[in-house]
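Secondary and tertiary structure notes
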Amino acid sequence: MKLKPLFAAALLAASAAWAQEPIVIKFSHVTTADTPKGKGAQKFKELAEAATQGRVKVDVYPNSQLYKDKEELEALQMGAVQMLAPSLSKFGPLGVKEFEVYDIPYILPSKAALRRVNEGPVGKALLKKLETKGIVGLAYWDNGFKEMTSNKPIAQPADFRGQKMRIQSSKVLDAQMRALGANPQVLAFSEVYQGMQTGVVDGSENTPSNIYTQKMHEVQKYMTVSDHGYIGYAVIANKRFWDALPPDIRTALDGAMREATRYANTIAQQENDAALEGIKKAGKTQVRELSPQEKAAWRKALLPVQATVAPRVGKPLIDAFNREAA
Ligand code: LMR
(Lines give C-alpha, C1' and ligand atoms only; values in the text may rest on other atoms or scores of the structure.)
Protein backbone atom coordinates (compact mmCIF):
# COMPACT_ATOMS: atom_id res chain seq x y z
CA MET A 1 0.00 0.00 0.00
CA LYS A 2 1.31 3.42 -0.91
CA LEU A 3 1.24 6.16 1.75
CA LYS A 4 -0.60 9.31 0.87
CA PRO A 5 2.07 12.02 0.22
CA LEU A 6 0.80 14.28 3.02
CA PHE A 7 0.79 11.48 5.56
CA ALA A 8 4.28 10.35 4.49
CA ALA A 9 5.59 13.91 4.88
CA ALA A 10 4.07 14.19 8.35
CA LEU A 11 5.64 10.90 9.33
CA LEU A 12 9.01 12.08 8.08
CA ALA A 13 8.75 15.37 9.98
CA ALA A 14 7.77 13.57 13.17
CA SER A 15 10.66 11.15 13.01
CA ALA A 16 13.07 14.02 12.21
CA ALA A 17 11.83 15.87 15.29
CA TRP A 18 12.26 12.74 17.36
CA ALA A 19 15.77 12.27 16.05
CA GLN A 20 16.62 15.80 17.17
CA GLU A 21 15.24 15.37 20.68
CA PRO A 22 18.30 15.84 22.92
CA ILE A 23 19.54 13.10 25.19
CA VAL A 24 18.87 14.37 28.72
CA ILE A 25 21.30 13.65 31.54
CA LYS A 26 19.97 14.37 35.01
CA PHE A 27 23.00 15.03 37.24
CA SER A 28 21.94 15.09 40.87
CA HIS A 29 24.13 15.99 43.86
CA VAL A 30 23.90 17.07 47.48
CA THR A 31 26.13 20.15 47.83
CA THR A 32 25.28 23.69 46.78
CA ALA A 33 26.12 25.02 43.31
CA ASP A 34 29.00 27.12 44.71
CA THR A 35 31.15 24.20 45.87
CA PRO A 36 33.92 22.29 44.07
CA LYS A 37 31.37 19.60 43.11
CA GLY A 38 28.66 22.10 42.14
CA LYS A 39 31.05 24.05 39.94
CA GLY A 40 32.47 20.86 38.44
CA ALA A 41 28.98 19.67 37.52
CA GLN A 42 28.15 23.02 35.94
CA LYS A 43 31.41 22.95 33.96
CA PHE A 44 30.65 19.43 32.75
CA LYS A 45 27.20 20.61 31.61
CA GLU A 46 28.66 23.49 29.61
CA LEU A 47 31.41 21.39 28.04
CA ALA A 48 29.14 18.42 27.28
CA GLU A 49 26.43 20.54 25.68
CA ALA A 50 28.98 22.43 23.56
CA ALA A 51 30.87 19.31 22.51
CA THR A 52 27.69 17.54 21.41
CA GLN A 53 26.23 20.65 19.78
CA GLY A 54 23.06 20.37 21.78
CA ARG A 55 22.47 16.65 21.16
CA VAL A 56 22.98 16.20 24.91
CA LYS A 57 21.31 18.33 27.57
CA VAL A 58 22.67 18.11 31.12
CA ASP A 59 20.29 19.18 33.88
CA VAL A 60 22.13 19.68 37.17
CA TYR A 61 20.14 19.37 40.41
CA PRO A 62 22.26 20.59 43.37
CA ASN A 63 21.76 20.67 47.14
CA SER A 64 19.77 17.43 47.59
CA GLN A 65 16.96 19.04 45.59
CA LEU A 66 16.03 15.69 44.05
CA TYR A 67 17.54 13.08 46.38
CA LYS A 68 19.43 12.74 49.66
CA ASP A 69 22.62 10.68 50.08
CA LYS A 70 21.26 7.16 50.02
CA GLU A 71 18.31 7.80 47.75
CA GLU A 72 20.44 9.28 45.01
CA LEU A 73 22.39 6.04 44.60
CA GLU A 74 19.15 4.07 44.39
CA ALA A 75 17.78 6.58 41.87
CA LEU A 76 20.90 6.18 39.73
CA GLN A 77 20.64 2.40 39.75
CA MET A 78 16.98 2.59 38.78
CA GLY A 79 17.75 5.07 36.01
CA ALA A 80 15.69 7.92 37.51
CA VAL A 81 18.87 10.04 37.20
CA GLN A 82 21.84 9.35 34.96
CA MET A 83 24.78 10.92 36.80
CA LEU A 84 25.93 11.60 40.37
CA ALA A 85 29.12 12.44 42.24
CA PRO A 86 28.76 10.91 45.72
CA SER A 87 31.62 11.18 48.17
CA LEU A 88 33.83 8.10 48.37
CA SER A 89 32.52 7.55 51.91
CA LYS A 90 29.03 6.71 50.66
CA PHE A 91 29.53 3.52 48.65
CA GLY A 92 29.52 1.10 51.60
CA PRO A 93 25.72 0.73 51.74
CA LEU A 94 25.85 -0.16 48.03
CA GLY A 95 28.22 -3.02 48.79
CA VAL A 96 31.42 -1.40 47.51
CA LYS A 97 32.99 -0.92 50.91
CA GLU A 98 36.56 -0.78 49.56
CA PHE A 99 36.19 2.94 48.80
CA GLU A 100 36.22 3.46 52.56
CA VAL A 101 40.01 3.03 52.42
CA TYR A 102 40.06 6.77 51.61
CA ASP A 103 38.43 7.42 54.99
CA ILE A 104 41.28 5.99 57.06
CA PRO A 105 42.52 8.95 59.11
CA TYR A 106 45.78 10.50 57.91
CA ILE A 107 46.16 7.93 55.12
CA LEU A 108 46.62 10.71 52.57
CA PRO A 109 49.64 12.88 53.32
CA SER A 110 49.00 15.32 50.45
CA LYS A 111 47.06 16.09 47.28
CA ALA A 112 50.01 14.77 45.27
CA ALA A 113 49.62 11.41 47.03
CA LEU A 114 45.91 11.50 46.31
CA ARG A 115 46.57 11.98 42.58
CA ARG A 116 49.00 9.06 42.55
CA VAL A 117 46.42 6.79 44.19
CA ASN A 118 43.47 7.93 42.05
CA GLU A 119 45.34 7.67 38.77
CA GLY A 120 47.18 4.47 39.71
CA PRO A 121 46.01 0.83 39.86
CA VAL A 122 44.14 1.26 43.18
CA GLY A 123 42.03 4.16 41.96
CA LYS A 124 41.26 2.47 38.64
CA ALA A 125 40.37 -0.89 40.20
CA LEU A 126 37.97 0.77 42.63
CA LEU A 127 36.05 2.54 39.86
CA LYS A 128 35.87 -0.75 37.95
CA LYS A 129 34.28 -2.43 40.98
CA LEU A 130 31.20 -0.26 40.52
CA GLU A 131 30.31 -2.03 37.29
CA THR A 132 28.91 -5.04 39.15
CA LYS A 133 26.39 -2.59 40.64
CA GLY A 134 25.25 -1.29 37.25
CA ILE A 135 27.37 1.83 37.61
CA VAL A 136 30.22 3.19 35.53
CA GLY A 137 32.90 5.24 37.28
CA LEU A 138 33.98 8.18 35.13
CA ALA A 139 36.36 10.26 37.25
CA TYR A 140 37.54 11.35 40.67
CA TRP A 141 36.80 14.89 41.76
CA ASP A 142 38.35 16.63 44.76
CA ASN A 143 36.71 18.40 47.59
CA GLY A 144 39.41 18.63 50.23
CA PHE A 145 40.71 17.80 53.67
CA LYS A 146 38.31 17.63 56.60
CA GLU A 147 38.23 19.65 59.79
CA MET A 148 36.34 18.96 63.01
CA THR A 149 33.55 21.21 64.27
CA SER A 150 31.51 21.04 67.44
CA ASN A 151 29.61 23.02 70.00
CA LYS A 152 32.11 21.78 72.57
CA PRO A 153 35.84 22.59 72.34
CA ILE A 154 38.02 19.99 70.62
CA ALA A 155 41.78 20.21 70.90
CA GLN A 156 42.93 16.93 72.43
CA PRO A 157 41.62 13.49 71.45
CA ALA A 158 40.20 13.23 75.00
CA ASP A 159 37.90 16.18 74.22
CA PHE A 160 35.87 13.97 71.88
CA ARG A 161 34.78 11.66 74.67
CA GLY A 162 31.00 11.34 74.66
CA GLN A 163 30.45 13.87 71.89
CA LYS A 164 27.80 12.97 69.34
CA MET A 165 29.47 13.35 65.97
CA ARG A 166 27.70 13.21 62.62
CA ILE A 167 29.40 11.00 60.04
CA GLN A 168 28.78 9.97 56.46
CA SER A 169 27.65 6.36 56.01
CA SER A 170 31.15 4.84 56.27
CA LYS A 171 32.14 2.18 58.78
CA VAL A 172 35.71 3.52 58.71
CA LEU A 173 34.44 6.91 59.84
CA ASP A 174 32.43 5.12 62.51
CA ALA A 175 35.66 3.42 63.70
CA GLN A 176 37.51 6.73 63.56
CA MET A 177 34.99 8.48 65.83
CA ARG A 178 34.92 5.53 68.22
CA ALA A 179 38.74 5.56 68.41
CA LEU A 180 38.39 9.14 69.64
CA GLY A 181 35.77 8.15 72.21
CA ALA A 182 32.96 9.94 70.36
CA ASN A 183 29.52 8.55 69.47
CA PRO A 184 29.18 8.52 65.69
CA GLN A 185 25.81 9.07 64.09
CA VAL A 186 25.06 8.75 60.38
CA LEU A 187 23.02 11.64 59.01
CA ALA A 188 22.35 12.56 55.40
CA PHE A 189 24.24 15.67 54.35
CA SER A 190 21.01 17.64 53.96
CA GLU A 191 20.11 16.92 57.59
CA VAL A 192 23.36 18.03 59.22
CA TYR A 193 22.59 21.71 59.73
CA GLN A 194 19.33 20.95 61.49
CA GLY A 195 20.95 18.15 63.47
CA MET A 196 23.50 20.62 64.79
CA GLN A 197 20.94 23.32 65.43
CA THR A 198 18.66 21.05 67.44
CA GLY A 199 21.43 19.22 69.30
CA VAL A 200 20.83 15.84 67.66
CA VAL A 201 24.60 15.96 67.15
CA ASP A 202 27.25 18.06 68.89
CA GLY A 203 29.53 18.23 65.91
CA SER A 204 30.85 16.75 62.72
CA GLU A 205 33.77 16.63 60.33
CA ASN A 206 33.73 18.24 56.92
CA THR A 207 35.61 20.38 54.46
CA PRO A 208 35.56 24.16 54.93
CA SER A 209 33.63 24.46 51.66
CA ASN A 210 30.88 22.12 52.84
CA ILE A 211 30.76 23.72 56.29
CA TYR A 212 30.53 27.23 54.89
CA THR A 213 28.06 26.61 52.06
CA GLN A 214 25.71 24.67 54.37
CA LYS A 215 26.08 27.42 57.00
CA MET A 216 27.17 24.87 59.59
CA HIS A 217 29.53 27.47 61.05
CA GLU A 218 26.46 29.39 62.19
CA VAL A 219 25.45 26.50 64.45
CA GLN A 220 28.90 25.32 65.56
CA LYS A 221 30.92 27.17 68.19
CA TYR A 222 34.29 25.52 67.57
CA MET A 223 36.32 24.38 64.61
CA THR A 224 39.67 22.61 64.72
CA VAL A 225 41.73 22.63 61.53
CA SER A 226 42.94 19.06 61.68
CA ASP A 227 43.12 17.89 58.05
CA HIS A 228 42.77 14.36 59.44
CA GLY A 229 40.83 13.01 56.50
CA TYR A 230 39.66 13.74 53.00
CA ILE A 231 36.42 14.15 51.04
CA GLY A 232 36.48 13.42 47.35
CA TYR A 233 33.99 12.13 44.82
CA ALA A 234 33.53 9.41 42.27
CA VAL A 235 31.66 10.84 39.31
CA ILE A 236 29.42 8.01 38.18
CA ALA A 237 26.77 7.18 35.61
CA ASN A 238 24.09 4.56 35.15
CA LYS A 239 25.94 1.90 33.16
CA ARG A 240 23.03 0.82 30.96
CA PHE A 241 22.44 4.44 29.96
CA TRP A 242 26.13 5.15 29.38
CA ASP A 243 26.73 2.00 27.32
CA ALA A 244 23.69 2.70 25.13
CA LEU A 245 24.91 6.18 24.12
CA PRO A 246 25.89 6.57 20.44
CA PRO A 247 29.69 6.09 20.33
CA ASP A 248 30.42 9.61 19.03
CA ILE A 249 28.36 11.09 21.87
CA ARG A 250 30.13 8.97 24.47
CA THR A 251 33.51 10.05 23.11
CA ALA A 252 32.44 13.70 23.33
CA LEU A 253 31.19 13.22 26.89
CA ASP A 254 34.43 11.47 27.90
CA GLY A 255 36.34 14.50 26.62
CA ALA A 256 34.04 16.89 28.49
CA MET A 257 34.52 14.83 31.65
CA ARG A 258 38.31 14.93 31.34
CA GLU A 259 38.24 18.71 31.03
CA ALA A 260 35.65 19.20 33.80
CA THR A 261 37.80 16.99 36.05
CA ARG A 262 40.87 19.12 35.45
CA TYR A 263 38.80 22.20 36.24
CA ALA A 264 37.16 20.76 39.39
CA ASN A 265 40.48 19.57 40.76
CA THR A 266 42.08 22.95 40.10
CA ILE A 267 39.46 25.02 41.89
CA ALA A 268 38.81 22.72 44.87
CA GLN A 269 41.67 23.97 47.03
CA GLN A 270 40.90 27.63 46.29
CA GLU A 271 37.25 27.04 47.17
CA ASN A 272 38.23 25.50 50.49
CA ASP A 273 40.75 28.22 51.30
CA ALA A 274 38.16 30.91 50.59
CA ALA A 275 35.54 29.07 52.65
CA LEU A 276 37.90 28.84 55.63
CA GLU A 277 38.46 32.58 55.40
CA GLY A 278 34.69 33.07 55.19
CA ILE A 279 34.14 31.01 58.34
CA LYS A 280 36.78 33.01 60.21
CA LYS A 281 35.32 36.32 59.01
CA ALA A 282 31.77 35.36 59.99
CA GLY A 283 33.05 35.27 63.57
CA LYS A 284 30.53 32.74 64.83
CA THR A 285 32.98 29.86 65.17
CA GLN A 286 36.21 29.91 67.09
CA VAL A 287 38.76 28.44 64.67
CA ARG A 288 41.96 26.88 65.97
CA GLU A 289 44.88 25.14 64.28
CA LEU A 290 46.40 22.06 65.86
CA SER A 291 49.90 22.58 67.25
CA PRO A 292 52.47 19.98 66.10
CA GLN A 293 52.21 18.30 69.52
CA GLU A 294 48.42 18.15 69.33
CA LYS A 295 48.57 16.78 65.80
CA ALA A 296 50.95 14.05 66.98
CA ALA A 297 48.46 13.13 69.72
CA TRP A 298 45.62 12.91 67.16
CA ARG A 299 47.71 10.69 64.89
CA LYS A 300 48.55 8.42 67.78
CA ALA A 301 44.93 8.13 68.88
CA LEU A 302 43.80 7.40 65.31
CA LEU A 303 46.54 5.01 64.24
CA PRO A 304 44.72 1.88 65.53
CA VAL A 305 41.87 2.55 63.07
CA GLN A 306 43.89 0.97 60.22
CA ALA A 307 43.98 -2.36 62.04
CA THR A 308 40.35 -2.12 63.20
CA VAL A 309 39.03 -1.66 59.68
CA ALA A 310 41.42 -4.06 57.89
CA PRO A 311 38.95 -6.98 57.96
CA ARG A 312 36.32 -4.78 56.29
CA VAL A 313 38.36 -2.83 53.77
CA GLY A 314 41.02 -5.49 53.11
CA LYS A 315 44.60 -5.47 54.35
CA PRO A 316 46.12 -5.89 50.85
CA LEU A 317 44.16 -2.85 49.65
CA ILE A 318 45.27 -0.76 52.63
CA ASP A 319 48.88 -1.82 52.01
CA ALA A 320 48.65 -1.02 48.28
CA PHE A 321 47.07 2.34 49.10
CA ASN A 322 49.81 3.16 51.60
CA ARG A 323 52.49 2.18 49.08
CA GLU A 324 51.03 4.37 46.35
CA ALA A 325 50.40 7.28 48.71
CA ALA A 326 53.91 7.18 50.19
C1 LMR B 1 28.91 14.83 53.39
O2 LMR B 1 27.92 14.09 53.45
O3 LMR B 1 29.35 15.43 54.38
C4 LMR B 1 29.61 15.03 52.07
O5 LMR B 1 29.79 13.79 51.46
C6 LMR B 1 28.80 15.91 51.18
C7 LMR B 1 29.45 16.04 49.84
O8 LMR B 1 28.89 15.55 48.87
O9 LMR B 1 30.51 16.67 49.80
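Small disclaimer: the values here were computed from a predicted structure and weren't measured.

1. Points about the packing of aromatic side chains
One pass over the full model with this rule turns up six aromatic pairs. With 6.1 Å between their ring centres and 40 degrees between their planes, Y102 and Y140 make a pair best called tilted. Of this pair, Y102 sits in the loop between β3 (83–84) and α4 (111–119) while Y140 is found in strand β4 (residues 135–145), placing the two residues 38 residues apart along the sequence. Neither Y102 nor Y140 differs from the other in exposure class; each is buried.

2. Some words on the sheet that holds strand β2 (residues 56–61)
Read across the open sheet, the five strands follow the order β2-β1-β3-β10-β4; overall the sheet is mixed. The two strands at the open ends of the sheet, each matched to only one other strand, are β2 and β4. Bridge analysis of β3 against strand β10 (residues 230–238) gives two bridges, and the strand direction is antiparallel. Bridge pairing links L84 to I236 in β10. Against the sheet, helix α3 (residues 69–78) engages β1 (23–28), β3, β4 and β10, with an angle of about 25 degrees to β10. Most of the contacts of α4 go to β4, to which it runs at about 175 degrees, and overall it touches β4 and β10.

3. Some thoughts on the pattern of salt bridges
Counting across every chain of the model gives 20 salt bridges. The closest approach of N and O atoms between E271 and K39, which form a salt bridge, is 2.8 Å. In this pair, E271 sits in helix α10 (residues 247–282) while K39 sits in helix α2 (residues 36–51), placing the two residues 232 residues apart along the sequence. According to the relative accessible area criterion, E271 is buried, its value standing at 18%. For K39, a relative accessible area of 27% corresponds to the partly exposed category. D248 is the partner of R55 in a salt bridge, and the nearest nitrogen-oxygen pair spans 2.9 Å. Within this pair, whereas R55 is found in the loop between α2 and β2, its partner D248 is found in helix α10, the two being separated by 193 residues in sequence. Sharing partners across several salt bridges, the network here consists of D69, K90 and R166.

4. Brief notes about the side chain of Q176
Mapped onto the elements, Q176 comes out in helix α6 (residues 171–179). Aside from chain neighbours lying at most four places away, what touches Q176 is D103, P105, M148, E205, H228, L302 and V305.

5. Observations concerning the packing of α2 against α10
Interaxial distance between α2 and α10 falls to 8 Å at its minimum, and their mutual angle equals 155 degrees. The angle between α2 and α10 places the two elements in the roughly antiparallel class. At the point where α2 passes α10, the crossing takes the right-handed sense. In this structure, α2 uses P36, K39, G40, K43, F44, L47, A48 and A51 to contact α10, whose residues at the interface are A252, L253, A256, M257, E259, A260, Y263, A264, I267, A268, E271 and N272. Per-class residue counts for the contact of α2 with α10 are 14 nonpolar, two polar and four charged.

6. A few points about the site of the ligand
Neighbouring residues of the ligand: V30, T31, K37, S87, K90, R166, Q168, F189, N206, N210 and Y233. K90 places a side-chain nitrogen or oxygen 2.6 Å from an oxygen atom of the ligand. N210 places a polar side-chain atom, nitrogen or oxygen, 2.8 Å from an oxygen atom of the ligand. For the ligand, whose accessible area on its own is 270 Å², the fraction buried by protein is 100%. Here the shell around the ligand is composed, by residue class, of three nonpolar, five polar and three charged.

7. Topic: the nonpolar core
By size, the foremost hydrophobic cluster in this structure holds 52 residues, and its most contacted members are F91, F99, V101, Y102, L108, I236 and F321. Tallying contributions element by element places helix α13 (residues 315–325) first for this core, with five residues. Once residues within four sequence positions are removed from consideration, F91 is found in contact with L73, P86, V96, K97, F99, L130, A234 and I236.

8. Quick notes on α6
Each α-helix winds once per 3.6 residues, and so residues spaced three or four apart point in a common direction. Restricting attention to buried positions, one finds in α6 the residues V172, L173, D174, A175, Q176 and M177. Looking at the packing, one finds that the buried side of α6 touches β5 (147–150), β6 (164–167), β7 (183–186), β8 (203–206), α11 (292–302) and α12 (305–313). The residue sitting at the N-terminus of α6 and contributing the capping side-chain oxygen is S170; that oxygen lies 3.2 Å from the backbone nitrogen of V172. Following α6 by one or two positions, G181 has its phi on the positive side, about 85 degrees.

9. Examining unusual backbone geometry
Residue Q53 is not a glycine yet carries a positive backbone phi of 45 degrees. With respect to the secondary-structure elements, Q53 resides in the loop between α2 and β2. The exposure class of Q53 is exposed, given its relative accessible area of 73%. For Y106, which is not glycine, the phi torsion reads 60 degrees and is therefore positive. Along the chain, Y106 turns up in the loop between β3 and α4.

What counts as what
- Residue numbers run consecutively from 1 along every chain, following the written order of its sequence.
- Per-residue local features of the predicted model are confined to residues with pLDDT of at least 70, and side-chain atom pairs are confined, for both listing and counting, to 80 or more; whole-chain, interface and lining totals are unaffected and use all residues.
- With hydrogens and water stripped out, all remaining heavy atoms of the structure feed into the side-chain values.
- Here is the rule: rings of Phe, Tyr and Trp (six-membered ring for Trp) pair when centre to centre is within 6.5 Å. Planes less than 30 degrees apart are stacked, more than 60 are edge-to-face, and the remainder are tilted.
- Helix and strand assignments follow DSSP, with helices taken as H or I runs no shorter than four residues and strands as E runs no shorter than two, numbered in order from the N terminus.
- Each residue gets one of three labels from its accessible area relative to the maximum for its type: buried under 20%, exposed over 50%, partly exposed in between, using a 1.4 Å probe on protein chains only.
- Being paired, for any two strands, means DSSP has found at least two bridges between them.
- We call two residues in contact whenever any of their non-hydrogen atoms come within 4.5 Å of each other.
- Only the stretch in contact is used when a helix axis is fitted, and all axes are lines through C-alpha atoms; the angle between N-to-C directions ranges over 0 to 180 degrees.
- Here, a salt bridge means any Lys or Arg side-chain nitrogen found within 4 Å of an Asp or Glu carboxyl oxygen.
- Note that the term roughly parallel is reserved for angles under 35 degrees, roughly antiparallel for angles over 145, roughly perpendicular for angles of 65 to 115, and oblique for everything else.
- Take the far helix as the reference: if the near one is turned anticlockwise from it by less than a right angle, the crossing is left-handed, and if turned clockwise, right-handed.
- Classification used: nonpolar for Ala, Val, Leu, Ile, Met, Phe, Trp, Tyr, Cys and Pro, charged for Asp, Glu, Lys and Arg, polar for all others including Gly.
- Summary of the distance rule: residues count as near a molecule or strand when at least one heavy atom falls within 4 Å of that molecule or strand.
- Counted as a polar contact is a pair of N or O atoms within 3.5 Å, where, for protein atoms, one must be capable of donating a hydrogen and the other of accepting one, and residues adjacent in sequence contribute only when both atoms are in side chains.
- All accessible areas in this document rest on Shrake-Rupley with a 1.4 Å probe, and a residue is counted as covered only by the protein chains that are shown.
- Buried Ala, Val, Leu, Ile, Met, Phe, Trp, Tyr and Cys residues that are joined via side-chain atoms within 4.5 Å together make up what is termed a nonpolar core.

Shape is all these values report; function is a separate question.
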